Protein chains: 2
Amino acid sequence: MPVGTLGAVKGVTPPALEEAGAAILLANLYHLTLRPGIDVIERLGGLQAFTGWGGPMITDSGGFQVWSLGALRSVDTDGVTFRSHLDGSPVRFTPESVVASQERMGVDIAMVLDECPPWPIDPAAAAASWERTLGWARRARQAWRREDATGLFGIVQGSVYRGLRERAAGELAELDFAGYAIGGVSVGEPSPERRTVVEWTAPLLPADRPRYLMGVGYPEDILHAVLQGVDLFDCVLPARNARHGVLFTREGVLKIKNARFRDDPAPLDAECGCPACTRGSRAFLHHLARAGEITAAVLATLHNVRFYLDFMAGLRQSITLGTLSDLAAPRAARSIPYEHRSSTQDPSAGGLT
Amino acid sequence: MPVGTLGAVKGVTPPALEEAGAAILLANLYHLTLRPGIDVIERLGGLQAFTGWGGPMITDSGGFQVWSLGALRSVDTDGVTFRSHLDGSPVRFTPESVVASQERMGVDIAMVLDECPPWPIDPAAAAASWERTLGWARRARQAWRREDATGLFGIVQGSVYRGLRERAAGELAELDFAGYAIGGVSVGEPSPERRTVVEWTAPLLPADRPRYLMGVGYPEDILHAVLQGVDLFDCVLPARNARHGVLFTREGVLKIKNARFRDDPAPLDAECGCPACTRGSRAFLHHLARAGEITAAVLATLHNVRFYLDFMAGLRQSITLGTLSDLAAPRAARSIPYEHRSSTQDPSAGGLT
């Protein structure tokens, strides 16, 4: 799911996003609450009418963004109060208000309010945070009104502690959400830790509901999670890396500003159908990126987003054909050179995205 | 002709530019010489292969950009030496080198090297500059080799002095160029002065060759020039204004960041077929522009470029139907509220574009 924090992927128009193969768009309740405000979106007919995105939409609850505010927020049992990173004005989120805001925007998938603890965190603090998140999930479930219009997803937390993850999966399953997310990953933990969490948690989530791994990630991590039964992903990596000239291709990563691309007539990726690959060359994107042209960001984003969507389409096809496990080895091996790994939800990079 | 100084309109991919209705793209020899260099473009198969633009291409000679460098350049009879605005390295342009560079890039239309004098300029200085430009035009004509591949346009200079303009038009006509441009306008002179220059010059240019008014401009100025027989225009106004949130519509200008658009569900222009108008609302573009999202620049540019191309298509249709003079009054009247008039070639705004 491409990330359109404020209602659009940075640099990409709705038709261009569809052409890249996107079927669903993720926006962010925290950001939309601050700007333009839920009232505006509701008056304008909901998030789809407002943004012009024709397909389904999902909003993250903003729990991660609120937690990343650090000293600007205070948590209590009932909810969280924080100051806008834009103008310092106070805002209050409760489990109920977060569900209501997403229902008012008419999103197809809403996420419960959760705490996204940092990594590392000691077991006692993790347990306290986990307890609060579970309590909020119960209240969100109670507050959920539009079952026919908006699907509400629960979020499994519990950091790297197996007992917490397993109990959360079980308790949330009993609450009968429309889908289930694994949250609290991609917060700086090493890849093996993240994979272990996925391996513990995913198999315990109800098999008849979608499973969503939040904020992950690199293709090899996505493939690993798909093999554990995860269905949905979101990540700012394709778009953020694109804006920094880091391009994903079937042969590995290209840092397009590197001097070796100055004369390179090849497309970024010979198998890609994006406008950068079908019409331009590595040399042209190198030229535009070096010159700081916004067209470089636009073309690079269209490429990376399409690369990811092609990758996901390939995974779906492999599932249909029953060849997913064959796909594993070569894909993973080829993707070793991927670089620029960072917290995919790092609020310090390019604004609170 | 949309302006893609470095080979692409800022924020617009080649397919999106075609979809907006563009048939020809203008790039700039000065900028391409400095970055990526003519050698690179030639090695990569020419400017069209390099940029992925499928239609015809024209390059401005860079005369204007060189003149805007002020103290960084020195002119002699043979040519001009200047320092790159990027790294200070010295570059030399002569009438012959400028033609050769454009031929090496394989452009469809090349422009001669000219002097673009400032406004105002006293008659003696204007005459001296004019003399040099004419001498350079003769040398460029001599240097032009690829008549079947690249059409070379002469450029009429002469500031606001009728005698100079008329004599230049006559002398250039004798040199038998593929087309003729009116240069040295949009350099700060008032609109009536510019129109007078067009009225003197355009009728004297050969009727069987295209006439090109450089760097103009606002729709009402374009309409005026078309009525004088001008065929081609280029201007950075649509794209530059778009990046500043100034949108052209059939009902006048919208400054999209204005608070009155916060809740406005209407498209920018109900008659426009661009992605911003068919899919989004004024409220959504207001939201993205206020947030400083590059998607705002992308959508706004696609809109303004399409608005101009629709306007030009309307003029062509009126010419075919013989109704051009009927079009004059309402178009001109409606376009009075256009604002943000500035030198369309002002190098201080957004880089040397």
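**Student:** I'd like a rundown of the overall build of chain A, residues and numbers included.
**Tutor:** Along the backbone of chain A there are 15 helices and 12 strands. The C-alpha radius of gyration of chain A comes to 20 Å, within 12% of the 20 Å expected for a compact globule of 353 residues. With respect to the three principal axes, the spread of C-alpha positions in chain A is 60 × 45 × 40 Å. For chain A, buried positions account for 59% of its 353 residues. Sequence separation of at least 24 residues holds for 68% of the intrachain contacts in chain A that already meet a minimum separation of 6. Split by element, the accessible area of chain A, about 12900 Å² in all, is 52% carbon and sulfur. The average position of the 35 basic charges and that of the 39 acidic charges among the side chains of chain A differ by 5 Å.

**Student:** Quick one: what's the story with the pairing of strand E12 (residues 252-255) of chain B, residue by residue and with numbers?
**Tutor:** Alignment of strand E11 (residues 246-249) of chain B against E12(B), held across 4 bridges, turns out to be antiparallel. If you follow B:Val246 over to E12(B), its bridge partner there is B:Lys255.

**Student:** Lay out the interface of chain A and chain B in plain terms, naming residues and giving numbers.
**Tutor:** Contacts between the two partners involve 42 residues from chain A and, on the opposite side, 42 residues from chain B. Interface area for chain A against chain B, summed over the two sides, is near 3500 Å², with a carbon-plus-sulfur share of 61%. Counting the surface chain A buries against chain B, the share from its top three residues, A:Arg279, A:Phe284 and A:His287, is 20%. Put simply, chain A and chain B have 6 salt bridges between them. Residues B:Asp263 and A:Arg43 are paired through a salt bridge, measuring 2.8 Å at the closest nitrogen-oxygen approach. Summed over the shared surface of chain A and chain B, the number is 16 residue pairs in polar contact (both at pLDDT 80 or more). Per element, the largest residue contribution to the side of chain A that touches chain B is 6 residues, and it comes from helix H14 (residues 294-321) of chain A. Residues that form the side of chain A that touches chain B fall into these classes: 23 nonpolar, 9 polar and 10 charged.

**Student:** Which residues make up the nonpolar core, and what values do they have?
**Tutor:** Of all hydrophobic cores here, the largest spans 228 residues; its most connected members are A:Tyr212 and B:Tyr212. Beyond its immediate stretch of four places on either side in the chain, B:Tyr212 contacts B:Met1, B:Leu26, B:Ile58, B:Met111, B:Phe153, B:Tyr180, B:Ala181, B:Ile182, B:Val230, B:Leu232, B:Phe233 and B:Asp234.

**Student:** Before we move on, can you summarise the relation of the copies chain A and chain B with the specific residues and values?
**Tutor:** Each copy of the sequence occupies a distinct position, and chain A is placed on chain B by a rotation of 180° and an axial shift of 0.0 Å, giving an RMSD of 0.0 Å. Both copies are brought into coincidence by an operation consistent with a two-fold rotation axis. Comparing interface residues between copies, 100% of those in chain A also lie at the interface in chain B; the contact surface is shared.

**Student:** Describe in detail the pairing of E11(B), supporting the description with residues and values.
**Tutor:** The alternating pattern of E11(B) places B:Val246 and B:Phe248 on one face and B:Leu247 and B:Thr249 on the opposite face, and all of these are buried. Two successive antiparallel strands, E11(B) and E12(B), enclose a turn made up of 2 residues.

**Student:** Can you explain the confidence of the model for chain A? Please cite residues and give values.
**Tutor:** In low-pLDDT segments, the atomic positions of the prediction should not be examined closely. Residue and element names in this part refer to chain A. Taken residue by residue, chain A gives an average pLDDT of 91. The fraction at 70 or more is 93%. Low pLDDT, under 50, characterises residues 329-353; the stretch is placed with 62 contacts to residues that sit more than four places away or in other chains. Across the interfaces of the predicted complex, the ipTM metric reaches 0.93, alongside a pTM of 0.93.

**Student:** Run through the packing of aromatic side chains, naming residues and quoting values.
**Tutor:** All names here are of chain A. Under the definition given, this model contains 18 aromatic pairs over all chains. Taking the centre distance of 5.0 Å and the plane angle of 80° together, the rings of Phe82 and Phe93 count as edge-to-face. In this pair, Phe82 sits in strand E4 (residues 80-83) while Phe93 sits in strand E5 (residues 90-93), placing the two residues 11 residues apart along the sequence. Aromatic rings pair up to connect Tyr218, Phe248, Phe307 and Tyr308 into one cluster.

**Student:** Before we move on, could you go through the sheet that holds strand E6 (residues 109-111) of chain B and cite the residues and values that matter?
**Tutor:** In space, the 7 strands of this open sheet follow the order E1-E2-E6-E7-E8-E9-E10 (chain B), with parallel pairing throughout. The sheet is open, and its two edges are formed by strand E1 (25-28) and strand E10 (232-233) of chain B, each paired on a single side.

**Student:** A description of the environment of A:Tyr218 should follow, citing residues and the corresponding values.
**Tutor:** Residues and elements named next belong to chain A. Relative to the helices and strands, Tyr218 is located in the loop between strand E9 (211-213) and helix H10 (219-227). Overall, the relative accessible area of 2% leaves Tyr218 in the buried class. C-alpha separation for the pair Tyr218 and Leu237, spaced 19 residues apart in sequence, amounts to 7.7 Å.

**Student:** Could you give an account of unusual backbone geometry, naming the residues involved and the relevant values?
**Tutor:** With omega at 10°, the peptide bond leading from A:Arg35 into A:Pro36 counts as cis. Its location among the elements puts A:Pro36 in the loop between helix H2 (29-34) and helix H3 (38-43). Geometrically, the link from B:Val216 to B:Gly217 is a cis peptide bond, its omega value of 0° lying close to zero. With respect to the element layout, B:Gly217 can be found in the loop between strand E9 (211-213) and helix H10 (219-227). Phi at A:Asp176 takes a positive value of approximately 60°, unusual for a residue other than glycine. Locating A:Asp176 in the fold gives a position in the loop between helix H8 (162-174) and strand E8 (179-182). At A:Ser186, a position not held by glycine, the phi torsion is positive, near 55°. The topology assignment puts A:Ser186 in the loop between E8 and helix H9 (191-201).

The rules we used
Starting from 1, residues in each chain are numbered consecutively following that chain's sequence as written. Note on labels: chains are lettered from A, ligands numbered from 1, in written order. A pLDDT threshold of at least 70 governs which residues receive local features in this predicted model, and a stricter bar of 80 or more applies before side-chain atom pairs are shown or counted, although totals over entire chains, interfaces and linings include all residues. Water and hydrogen atoms were dropped before computing side-chain values, which therefore reflect all heavy atoms in the structure. We count a stretch as a helix when DSSP gives it H or I for four or more residues in a row; a strand needs E for two or more, and each element gets its number in order from the N terminus. The size measure is the radius of gyration over C-alpha atoms, and the globule rule it meets is 2.2 Å times the number of residues to the 0.38 power. Accessibility here uses a 1.4 Å probe with only protein chains present; expressed as a share of the type maximum, an area under 20% marks a residue as buried, one over 50% as exposed, and anything in between as partly exposed. Throughout, a residue-residue contact means that at least one pair of heavy atoms, one from each residue, lies within 4.5 Å. Values of accessible area rely on a 1.4 Å probe in the Shrake-Rupley scheme; residue burial ignores everything except the protein chains shown. Under the convention used here, Asp and Glu are negative, Lys and Arg are positive, and both His and the chain ends fall outside the count. For charged residues, the charge sits on one atom: NZ in Lys, CZ in Arg, CG in Asp, CD in Glu. Strand pairing is defined by DSSP finding a minimum of two bridges between the two strands. Buried area adds together the accessible area that both of two parts lose upon being put together, with accessible area traced by a 1.4 Å probe. We define a salt bridge as a side-chain nitrogen of Lys or Arg found within 4 Å of a carboxyl oxygen belonging to Asp or Glu. The definition of a polar contact used here is a pair of N or O atoms within 3.5 Å, where within protein one atom must be able to donate a hydrogen and the other to accept one, and adjacent residues in sequence count solely through side-chain atom pairs. Residues are sorted three ways: Asp, Glu, Lys and Arg are charged, Ala, Val, Leu, Ile, Met, Phe, Trp, Tyr, Cys and Pro are nonpolar, and all the rest, Gly among them, are polar. What we call a nonpolar core is a set of buried Ala, Val, Leu, Ile, Met, Phe, Trp, Tyr and Cys residues that are connected through their side-chain atoms within 4.5 Å. In superposing the copies, a least-squares fit is computed on C-alpha atoms, taking residues whose pLDDT is at least 70 in both. Each residue gets a pLDDT score, which is the predictor's confidence in that residue and runs from 0 to 100. Ring geometry is summarised as follows: Phe, Tyr and Trp rings, the Trp one being its six-membered ring, pair when their centres sit within 6.5 Å, and such pairs are stacked at plane angles under 30 degrees, edge-to-face over 60 and tilted between the two.

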